[in-house]
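Each chain, written out:
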Amino acid sequence: MSDAPREGFPAAPRSGVPSVLWPALLPDLQSKLLAIEFQLEQSEWWTEAELREHQLQQLGGLLAHAHATVPFYGSALPAAGYRPGEPLTPEVWARLPILDRATLQARPDALASRAIPPSHGPVAELRIDRGQGPVHLRITEVAQLMRLAIFLREQVWHRRDLSGLRAVLQPDEKAAFPAGRREPHWGWPMGILYETGPQTVLDRRTPLGQQVEWLQRESPVHLVGNPAELLALARECLALGVTLPGLEGVQSLGGGLSPEARDACREAWGVPVVHLYRAEEVGPLALQCPEHEHFHVQCEQALVEVLDGEGRPCAAGEVGRVVATPLGNFATPLIRYDVGDTAEVGAPCPCRRGLPVLAKILPRDPSP
Ligand SMILES: [Zn+2]
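## With respect to the overall build of the protein
Point 1. The secondary structure content of the protein amounts to 10 helices and 14 strands.
Point 2. Compactness check: the protein gives a C-alpha radius of gyration of 21 Å against a globular reference of 21 Å for 368 residues, within 12% of the reference.
Point 3. Here the C-alpha coordinates of the protein stretch approximately 60 × 55 × 40 Å along the principal axes.
Point 4. Within the protein, the proportion of its 368 residues that are buried is 52%.
Point 5. Accessible surface, the protein as shown: approximately 16,700 Å² in total, 55% of it carbon and sulfur.
Point 6. Within the protein, one finds 34 positive and 44 negative side-chain charges whose respective centroids are separated by 3 Å.

Written as structure tokens, this is what we have:
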């Protein structure tokens, strides 16, 4: 892959009209997704103050909706000094309570909106289990699109070769060893929008030795997994002397990525790791900068706060807990949700994007 900077994405999208291949005319959801991505390509260059102003405007609407239609927030917001109709200021915001995971787990119904705007599209139920018992929440199509747009931006920033085979480790009962599950393309968003190579999926509960066997057999160009399993896989390959000559890059998805995991992937396979920080309750929160190993907060998808022990925002160089508010989910609005992660705030990035920087996100799982 070339490191030379290129403008635009090096592929035309798939058209939804058979006789008009190019420029493509896309079906409804794909059109919306690219329309969001078009805006993201502008807003990533806004200043932090401009981004914050737009966030506050959107959060004002979210709070008014939550106050009016979500039983939990109908009482919790006024108790914290929120007055509907008054402009939302950073001072008002800072007084709002933090929502912890235990409350979401115990009271999913109290946190669900009684009147989701029909324009937000169909609503899906998410069941999320990060090892501490499941939580349930509802998500609108609009909120799903916002999440997908960030995954699309990640691909645009990191410019992978779309023609290659992608190997994905994920929880998937239909992707058992040895065959795994084959798909003709990379799925949402890339494989739906663009022509891509095929994808092979393996259930992440497969024993490590069999994962290595699968990888060797499939010989992928891209490998996708969570930080802990990538570290384990790289160490296993190092121990066995297994190299993956076709591999060009590793995409890591999840909580923090340890320096050990980056080093192990480089050592085992000679490739870089690009990490995407997400939590399923709140979606993708930060992407690795295209030019550096730190992360840009995804302000258009969520407000991400890093708070110290006193609940105050951390300055650059300080470490605190991550609290996130997805801007677009009006089905189960999560306001100031404590994600359960710890991050270090970074200084503004030399790449000149205005999206705030997280210098690092601490690994969620203890390193094996
Ligand atoms: Zn940057």
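## Remarks on empty space enclosed by the protein
Point 1. Per the counting criterion, the structure on display carries two cavities of 30 Å³ or more.
Point 2. Considering only enclosed or pocket space, the largest cavity measures out at about 70 Å³ in volume.
Point 3. Every residue along the wall of the largest cavity is listed here: Ile139, Ala143, Met146, Arg147, Glu281, Val282, Gln301, Pro326, Leu327, Gly328 and Asn329.
Point 4. The dominant element in the lining of the largest cavity, judged by the number of residues it contributes, is helix α6 (residues 141-158), at three residues.
Point 5. In terms of residue class, the lining of the largest cavity is built from six nonpolar, three polar and two charged.
Point 6. Roughly 40 Å³ of internal volume is contained in the second largest cavity.
Point 7. Gly81, Tyr82, Arg83, Glu86, Pro87, Leu88 and Val92 are the residues that line the second largest cavity.
Point 8. Within the lining of the second largest cavity, the residues separate by chemical class into four nonpolar, one polar and two charged.

## Regarding helix α10 (residues 259-269)
Point 1. Ala261, Arg262, Ala264, Cys265, Ala268 and Trp269 are the residues of α10 that are buried. The buried residues of α10 occupy an angular sector of 165° when projected down its axis, which confines them to one face. Counted as exposed and oriented over 90 degrees from the buried face of α10: Pro259 and Glu267.
Point 2. Considering only its buried residues, α10 is in contact with β6 (222-225), α9 (227-240), β7 (249-254), β8 (273-279), β9 (283-288) and β10 (295-297).
Point 3. At the exit of α10 stands Gly270, carrying a positive phi of roughly 70°.

## What about the packing of aromatic side chains?
Point 1. Within the structure shown, the criterion is met by one aromatic pair.
Point 2. Taking the centre distance of 5.0 Å and the plane angle of 85° together, the rings of Phe72 and Tyr73 count as edge-to-face. When sorted by exposure, Phe72 lands in the same class as Tyr73, which is buried.
Point 3. Over the face of the ring belonging to Trp157 we find Arg353, whose NZ or CZ atom lies 4.9 Å from the ring centre.

## Concerning the coordination of the zinc ion
Point 1. Distances from the zinc ion to its protein donors, namely Cys289 (SG), His296 (NE2), Cys349 (SG) and Cys351 (SG), fall within the range 2.1 to 2.3 Å.
Point 2. Coordination at the zinc ion is tetrahedral: its four donor atoms span angles of 100 to 115° at the metal.
Point 3. Between consecutive donors of the zinc ion, the numbers of intervening residues give the motif C-x6-H-x52-C-x1-C. In this pair, His296 sits in strand β10 while Cys349 sits in the loop between β13 (337-345) and β14 (357-361), placing the two residues 53 residues apart along the sequence.
Point 4. Classification of His296 by relative accessible area gives buried; the value is 0%.

## Focus: the pairing of β7
Consecutive side chains along a regular strand alternate between the two faces of the sheet.
Point 1. The element β7 is largely enclosed, with a buried count of six among its six residues.
Point 2. Burial along β7 is two-sided: the face carrying Gly249, Gln251 and Leu253 and the face carrying Val250, Ser252 and Gly254 are both buried.
Point 3. In this sheet, β7 lies alongside β6 in parallel orientation, the contact comprising four bridges. If you follow His222 over to β7, its bridge partner there is Gly249.
Point 4. A crossover links β6 with its parallel partner β7, the connecting element being α9, and its sense is right-handed.
Point 5. When β7 meets β8, the two strands line up parallel, connected through five bridges. The residue bridging Leu253 from the neighbouring strand is Leu276, located in β8.
Point 6. Following the chain from β7 across α10 to the adjacent parallel β8, one finds a crossover that is right-handed.

Cut-offs applied
- Residues numbered from 1 in each chain as written.
- Predicted model: local features only at pLDDT ≥ 70, side-chain atom pairs only at ≥ 80, totals over all residues.
- Heavy atoms only, no water.
- Helix = DSSP H or I, 4+ residues; strand = E, 2+ residues; numbered from the N terminus.
- Rg over C-alpha atoms; globule rule 2.2 N^0.38 Å.
- Buried < 20%, exposed > 50% of the residue type's maximum accessible area, 1.4 Å probe, protein only.
- Areas by Shrake-Rupley, 256 points an atom, 1.4 Å probe, with all protein chains shown as cover.
- Lys, Arg positive; Asp, Glu negative; His and termini not counted.
- Charge placed at Lys NZ, Arg CZ, Asp CG, Glu CD.
- 1 Å grid on protein atoms, 1.4 Å probe; cavity = no way out; pocket = protein on both sides within 12 Å on 5 of 7 lines; lining within 4 Å.
- Points joined across faces, edges and corners; volume = space filled by probe spheres on them.
- Nonpolar A, V, L, I, M, F, W, Y, C, P; charged D, E, K, R; others polar.
- Arc of directions from axis to C-beta.
- Contact = heavy atoms within 4.5 Å.
- Phe/Tyr/Trp six-rings, centres within 6.5 Å; stacked < 30°, edge-to-face > 60°.
- Lys NZ or Arg CZ within 6 Å of the ring centre and 35° of its normal.
- Donors = N, O, S within 2.8 Å, 3.2 Å for Na, K, Ca; no water.
- Tetrahedral: all angles 85-135°; square planar, octahedral: opposite > 155°, others 65-115°.
- Pairing = 2+ DSSP bridges.
- Right-handed = clockwise from strand over helix to strand, strands pointing away.

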